[in-house]
Every structure is written in structure tokens, then in C-alpha cells.
Amino acid sequence: MKIFKGSAIFSGIAIGRILYYHRESSQVRQCFAGNVKKELADFEKAQQKVAEELQVLYGEESNIKRRQTALLEKGSFVRAVKSMIETEKVSAAYAVATTRDELSQTFRNLEEPAVKERIEDVRELSERLIAVLGGLSTTIFLGEKPVIFVAETLSPGEILEMEKEKLLAVVTRQGSEISHASIMAKTIGIPALVDVEIEEDWDGLLAVVDGYTGTLYLEPDGELLKEYEKRLKAEQEEKEELLKLKNKEAVTLDGHRISLYANIANLDDLNSVLFYGAEGIGLLRSEFQYLGRENYPRENELFRAYKKVAETMGERLAVIRTVDLGADKQAAYMDIPEEENPIMGNRGIRLCLDRKRMFKAQLRAIYRASAYGNLAVMYPMISSLEELDEIERITEQVKAGLREKGIAYKDIPVSVMIETPAAVMMSREIAQRVDFLSLGTNDLAQYTLAMDRQNPLLKEKYNDHNPAILKMIQMVIEEAHEEKKKVFICGELAADTDLTEIFLRMGVDGLSVVPACILPVRKAVRKSRREKK
């Protein structure tokens, strides 16, 4: 047994086999084929092209060249690819990638040198074929059984692309507790660790992840495994006990009712919002439709997603934050210029106002979907009233366009995320222009402390409980309440139950957290007092 220490970003216990993620391996999005004959022809052209590449790379007498050429020309690999194209009517690139992944998964635990050699040949051939077919993307195949996912690093887009029901835990070498990727991982509600010295040869090994202490046990001995099996059972029993609170109100001991909402990152989380008894969605991170793909989402695609949100939530409020891209949330097709300091760069609303066509498409989709439920719109990274002026002009243009076409919409509530010190200082003026405010404590903390929250050198110095941050939160609440506007906290601090009573005494109107934290926060509210004795 080996023990590795890291930093816990979400608590919990997981026991299972490790899947080590090779980032350099091409991943391909599922794409259905309109013309099967063309896909088969493209695959055959790719076979010929790759055969020529092998000849140049390895030479005629190379054993590698002979093995891979044989695989390329005939055999089960090629038959499986062609069969998948024909029967499932998918693209050639997707068929190659899926066949590669299925073979790797089937034989991953076998030790025979000949089998390992064959799988490596299949992987290399697949990479070359996919490159020729032009099917690169970011979907990650996890296999058939749930796994402990181990990787050097993860992007928000990669997390969004994964099948979360297949994840027992996430462990990475790089990352921070409050990076956007970590925040996405928390929405899944599974244990997650960063800063772990991972190794590639862990693939397939049994492990225990302790998300309370930030510890990973590799190949645990029998005694420790039994202990963690007991703890896992106790954890599950505790979760069952918490579930008794899902239909209870979040009311303090002295009778003050607090609104509890959910933060979600994609449509898969909608059921979790309802399951844990949230009052609605306080923050829908709309980036999920822009990441992990090869081009901008079309307006109708956005509309269908928001319509589903509205219909699923019914009378419950669902707050859609306009797309917050830039910094560590980027997509290659957007061609966002590199910056010296992207955290302080062209991100959030700044990027949207630079790309008005993208921004208007999203606003049209949101307003069209508003006719089907109880939606609100929220703007991220506001730092000036001039930005609000421009947003209002664009919104009026969008509404006018919808009226001209006779498309129904509602005049939905408007909110701003207070996550820059500038917005804090102007919070009263901003409150006069919107329906409610939401505090984004993740960015507010890093901008107030002048520390990049993802910088590993600052890990021990970064303190989002700094009194200056708490004073800013208090100031925003007081200024907004002077204007009779409500204030919600939707950053990571909202889920910190050590701060729950402090926030309540500040007068916050509601908290919005990842679905898995709804019940622990509700329990903390019900044990707290808003008024001091």
C-alpha cells in the first residue's frame, strides 16, 4: 500500500479502480453520418494516407510498420470500424475512436506483452487515422464501470463532457481548490483531490480516495479497505439522514426564512436541483454549451436548452448567467487571443460586449425561453455602469427584434454578479438598475486579495475568509437593502457552513450552492440564529 497526500476540494469517500487519463490521446465527439458511403470512402482514404505515413516514418523493414500495416489493411480492428459506420451511421472518426477505446478498455488489465503491444499499435494507428479524418475533440470515454479518474490536469470543458454517473472520484496533479475546473467537479458531488503526485502506471489499480483528509491510498491493505468500507457505509447513511431535510424549509432558530438555490453547470444537473429540494437555480453556468465543441452553439440550440430548464423548474426561479468565457474557460474555435494575465483580462461580460453577435444570440434564446417558465438573466464580471448601459441597449434591440417577429417573451428579472471590487463600491448604484444582486465570492476574493486563486505558489497565502472580503459582502448587502433589493451569495463561500450564521447575521437573503451542498447548508441554517441573543 502507498499513501499520497493532496488537497481536498470536495469531501467524501470513494473506493474503486483508477482510470488514468492520457491527455495527448485524441478524443472525438459523437457525430452521426448523413452519408454512410462517404464516411466509408473517407475511412479508406485515411487508411491509404496513414499507410504512406508509416512507410516514411518506419521504413519497409520495420516490425512496427509491418504490424501496424497489417492491422490497417485487414483484421478485427478495421472490420469493427466499418461495421460501426454502417450499422450505427456515425462518422468515421467517431467509429475509429470508439473502437480504439473499447479495445483498450477490454484488454487494459492484461499483462501479456503481445496484447499490450497490439493495443499500443491500435492506439497509434487510431491517432493517425483521426488526425487525417479531422475529428479531434474532447469527449472522454470512461468505460463501462464507475472509476476513480486520475489526470495531470482537467479543464472545465473536459469535466462537462464526462458521464458523471461513471465517476467515483477525481484526482489531479495540477489545479487549485477554487479553479473553475474544481468548481465544475463539485457540482458532480463526488470526492475530488488536487496536488497529488500521480503516476501513469496507476491505471487499473485499486484505490481509496478520502475527500475529507485529501488522501489517496493506492492498493490499500485489507484492514484499511475494511475500515473505509465501513466509513463509506456510514457516509451513505448520513446522506440518507440529510435527505429527510429536503422537504423542510430553511428557517433559522429565531424564525427567519432563507432562500436556498442550486448552482448547476449543465442540464444533467436539473434532476439534482429537484432531488435535493432547492427552491430553484440561483446560477446556471451557461458555458456548458460553449465548451467541448468545435463551433459556436446556434440560437435554437441555446433556446432548446433554456426552454428545458424553464419547463423543468416550472414555477421555481432559474437564473441564467450569460456566458462567462475567457481565463481558464476557453474553446479553440473562439480564437481568444493569448493574454499575459488572462484572469485580469478580456473575460465575462467584456468578451460578450466585444462579440455582440454571440451575445445577442444568447439573449434572444434566453428571452424566447422565458415564455415557458420563471427565468431571470444575470451578467458576470460587471465593473462599471457604462457596461450596464451597453447591455440595456443590446437587450432592447433583442426585445424589439422578437416583437417584430411576433415571438413571445417575458420581461424577466435582471441581476448582476458582484465579483469585482469596482462593483462592490458601486453596488448601490447597480442595485438601482437591476432586480437583485448575486455575490460571486470566488472572483471577488481573488481580485480583493490581488492573488490568482489558481496559482500554486499562493496556495498557503490565499484566504477567502479574509476580513476585507467579509466586509465587502456586508457592504453590498447593506447598500442593496437600502434600495429594497435582495442579495444572494452564489460563490463557493455560500457552501461553507462555518460561515452560514455569519452570512445570516449580515442579512443575506439567500444562498446558492452546488446541489450536493443544499442539504448540509439547510441543516446549518436550521441550527443558526439571525439575531444575536
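Starting from 1, residues in each chain are numbered consecutively following that chain's sequence as written. Local features in this predicted model are restricted to residues whose pLDDT is 70 or higher, and side-chain atom pairs enter the listing and the counts only when it is 80 or higher, whereas totals over whole chains, interfaces and linings include all residues. Side-chain descriptors were evaluated using all non-hydrogen atoms of the structure, hydrogens and water having been removed beforehand.

1. A short note on the overall build of the protein
- Each helix is a run of DSSP H or I of at least 4 residues and each strand a run of E of at least 2, with the numbering of both proceeding from the N terminus. Within the protein, the secondary structure is distributed over 19 helices and 16 strands.
- Whether a residue is buried, partly exposed or exposed follows from its accessible area with a 1.4 Å probe, protein chains only, as a fraction of its type maximum: under 20%, in between, or over 50%, in that order. Classification of the 533 residues of the protein by burial places 53% in the buried group.
- The protein chains shown are the only cover counted for residues, whose accessible areas, like all others here, come from Shrake-Rupley with a 1.4 Å probe. Summing over all exposed atoms, the protein offers an accessible surface of approximately 24400 Å²; the carbon and sulfur share of this is 48%.

2. Some words on the pairing of strand 12 (residues 375-379)
- Strand 12 sits mainly inside the fold: five of its five residues count as buried.
- Here strand 12 shows two buried faces, one formed by Leu375, Val377 and Tyr379 and the other by Ala376 and Met378.
- Sheet analysis places strand 11 (residues 317-321) next to strand 12, joined by four bridges and oriented parallel. Pairing of Val319 across the sheet is with Ala376, part of strand 12.
- Of the pairings in the sheet, the one linking strand 12 to strand 13 (residues 414-418) comprises three bridges and is parallel in character. Looking across to strand 13, one finds that Val377 is bridged to Val414.
- As a crossover connection, the stretch from strand 12 through helix 13 (residues 385-404) into strand 13 is right-handed. Here, strands pair whenever DSSP counts at least two bridges between them. Clockwise travel from the first strand over the helix to the second, with the strands pointing away from the viewer, marks a crossover as right-handed.

3. Overview of the side chain of Arg355
- Note that Arg355 resides in the loop between helix 11 (349-354) and helix 12 (356-369).
- Setting aside residues no more than four positions away along its own chain, Arg355 makes contact with Tyr296, Met334, Asp335, Ile336 and Pro337. Here a residue-residue contact requires only that any non-hydrogen atoms of the pair lie within 4.5 Å.

4. A short note on the environment of Ala445
- Note on placement: Ala445 falls in helix 16 (residues 441-449).
- Relative accessible area serves as the criterion here: at 1%, Ala445 is assigned to the buried category.
- Setting aside residues no more than four positions away along its own chain, Ala445 makes contact with Tyr462, Asp464 and Ile469.

5. Section: the nonpolar core
- We call a set of buried Ala, Val, Leu, Ile, Met, Phe, Trp, Tyr and Cys residues a nonpolar core when their side-chain atoms join them within 4.5 Å. Core analysis: the largest hydrophobic core is formed by 93 residues, its most contacted members being Leu437, Ile473 and Phe503.
- Every residue in contact with Ile473, bar those within four places of it in the chain, is listed here: Leu439, Thr441, Ile489, Leu493, Phe503 and Met506.
- Membership of the second largest hydrophobic core comes to 22 residues, among which are Leu40, Phe77, Val90 and Ala95.

6. Observations concerning the packing of aromatic side chains
- Two rings from Phe, Tyr or Trp (for Trp, the six-membered ring) form a pair when their centres are within 6.5 Å of each other. A pair whose planes differ by under 30 degrees is stacked, one over 60 is edge-to-face, and the rest are tilted. Under the defined criterion, the tally for this structure stands at nine aromatic pairs.
- For the ring pair Tyr217 and Tyr228, a centre distance of 5.4 Å and an interplane angle of 50° mean the geometry is tilted. Residue Tyr217 is found in strand 8 (residues 215-218), and its partner Tyr228 is found in helix 8 (residues 222-242); the two are separated by eleven residues along the sequence.
- By relative accessible area, Tyr217 is classed as buried at 12%.
- Summarising the aromatic geometry, the rings of Phe359 and Tyr379 are spaced 6.2 Å apart at their centres and angled 70° between planes, so their arrangement reads as edge-to-face. One end of the pair, Phe359, is in helix 12; the other, Tyr379, is in strand 12, and 20 residues separate them in sequence. Here Phe359 matches Tyr379 in class, with each residue buried.
- Every member of this aromatic cluster is reached through a ring pair, and the members are Tyr261, Phe436 and Phe488.
- Residue placement shows Lys307 over the ring face of Tyr372; its charged tip is 4.9 Å from the ring centre.
- Stacked on the ring of Phe303, the Lys or Arg Arg368 has its end atom at 4.1 Å from the ring centre. Whether a charge lies above a ring is judged from NZ of Lys or CZ of Arg, which has to be within 6 Å of the ring centre and within 35 degrees of the ring normal.

7. Here we look at the sheet that holds strand 5 (residues 167-172)
- Spatially, 1-8-7-3-4-5-6-2 is the arrangement adopted by the eight strands of the open sheet, whose pairing is mixed. Only two strands of the sheet have a single neighbouring strand rather than two, namely strand 1 (2-5) and strand 2 (7-10). Each strand axis lies, on average, 30° off the axis of its neighbour in the sheet, ignoring direction.
- Strand direction decides the pairing type here: strand 1 and strand 8, joined by four bridges, are antiparallel. Among the inter-strand pairings, Lys5 is bridged to a residue of strand 8, identified as Thr215.
- Orientation is described by lines fitted to C-alpha atoms, with helices fitted over the stretch in contact, and by angles between N-to-C directions that extend from 0 to 180 degrees. Packed on one face of the sheet, helix 8 meets strand 3 (13-20), strand 7 (206-210) and strand 8 and runs near 115° to strand 3.

8. Section: the pattern of salt bridges
- Here, a salt bridge means any Lys or Arg side-chain nitrogen found within 4 Å of an Asp or Glu carboxyl oxygen. Per the stated rule, a full pass over the model turns up 26 salt bridges.
- The closest approach of N and O atoms between Arg428 and Glu482, which form a salt bridge, is 3.9 Å. Taken together, the residues span a long stretch of sequence, with Arg428 in helix 15 (residues 427-431) and Glu482 in helix 17 (residues 467-482) at a distance of 54 residues.
- Where salt bridges share partners, they join Glu287, Arg321, Asp324, Arg347 and Asp443 into one cluster.

9. Notes on helix 16
- Extensive coverage of helix 16 is indicated by the burial of eight of its nine residues.
- Of the residues making up helix 16, those classed as buried are Thr441, Asn442, Asp443, Leu444, Ala445, Gln446, Tyr447 and Leu449.
- At the exit of helix 16 stands Ala450, carrying a positive phi of roughly 55°.

10. Overview of helix 13
- Helix length check: helix 13, at 20 residues, gives a terminal C-alpha distance of 29 Å against a target of 28 Å (1.5 Å per residue), a fit within 8%.
- Among the residues of helix 13, those classed as buried are Glu387, Leu388, Ile391, Ile394, Thr395, Val398, Lys399 and Leu402. Buried residues in helix 13, looked at end-on, bunch into an arc of 140°, giving them a common side. Exposed residues on helix 13 whose side chains face more than 90 degrees from its buried face are Glu386, Arg393 and Glu404. To estimate the expected span of a helix, count its residues, drop one, and scale the result by 1.5 Å. Summarising the geometry, the arc corresponds to the directions from the helix axis toward the C-beta atoms.

11. Focus: the pairing of strand 8
- Burial along strand 8 is two-sided: Thr215 and Tyr217 facing one way and Leu216 and Leu218 facing the other are all buried.
- Of the pairings in the sheet, the one linking strand 7 to strand 8 comprises four bridges and is antiparallel in character. Within strand 8, the position partnered with Ala207 by the bridge is Leu218.

12. Points about the environment of Asp195
- Tracing the sequence through the fold places Asp195 in the loop between strand 6 (192-194) and strand 7.
- On a C-alpha basis, the gap between Asp195 and Gln174 in space is 5.6 Å, while along the polypeptide they are 21 residues apart.
- With residues up to four places along the chain from it excluded, the contact list for Asp195 reads Lys5, Gly6, Ser7, Thr172, Arg173, Gly175 and Lys459.

13. Re the sheet that holds strand 14 (residues 436-439)
- Pairing within the closed barrel is parallel, and its eight strands lie in the order 9-10-11-12-13-14-15-16. On average, each strand axis in the sheet is tilted by 25° relative to the strand beside it, whichever way the strands run.
- Alignment of strand 14 against strand 15 (residues 486-489), held across four bridges, turns out to be parallel. Bridge pairing in strand 15 links Leu437 to Val487.
- The sheet contacts of helix 10 (residues 299-313) involve strand 10 (280-285), strand 11 and strand 12, and relative to strand 10 the element is tilted by about 165°.
- Helix-sheet contacts for helix 19 (residues 518-526) involve strand 9 (259-264) and strand 16 (510-513), and the interaxial angle to strand 9 is about 160°.

Read these as layout, nothing more, since geometry by itself doesn't imply function.
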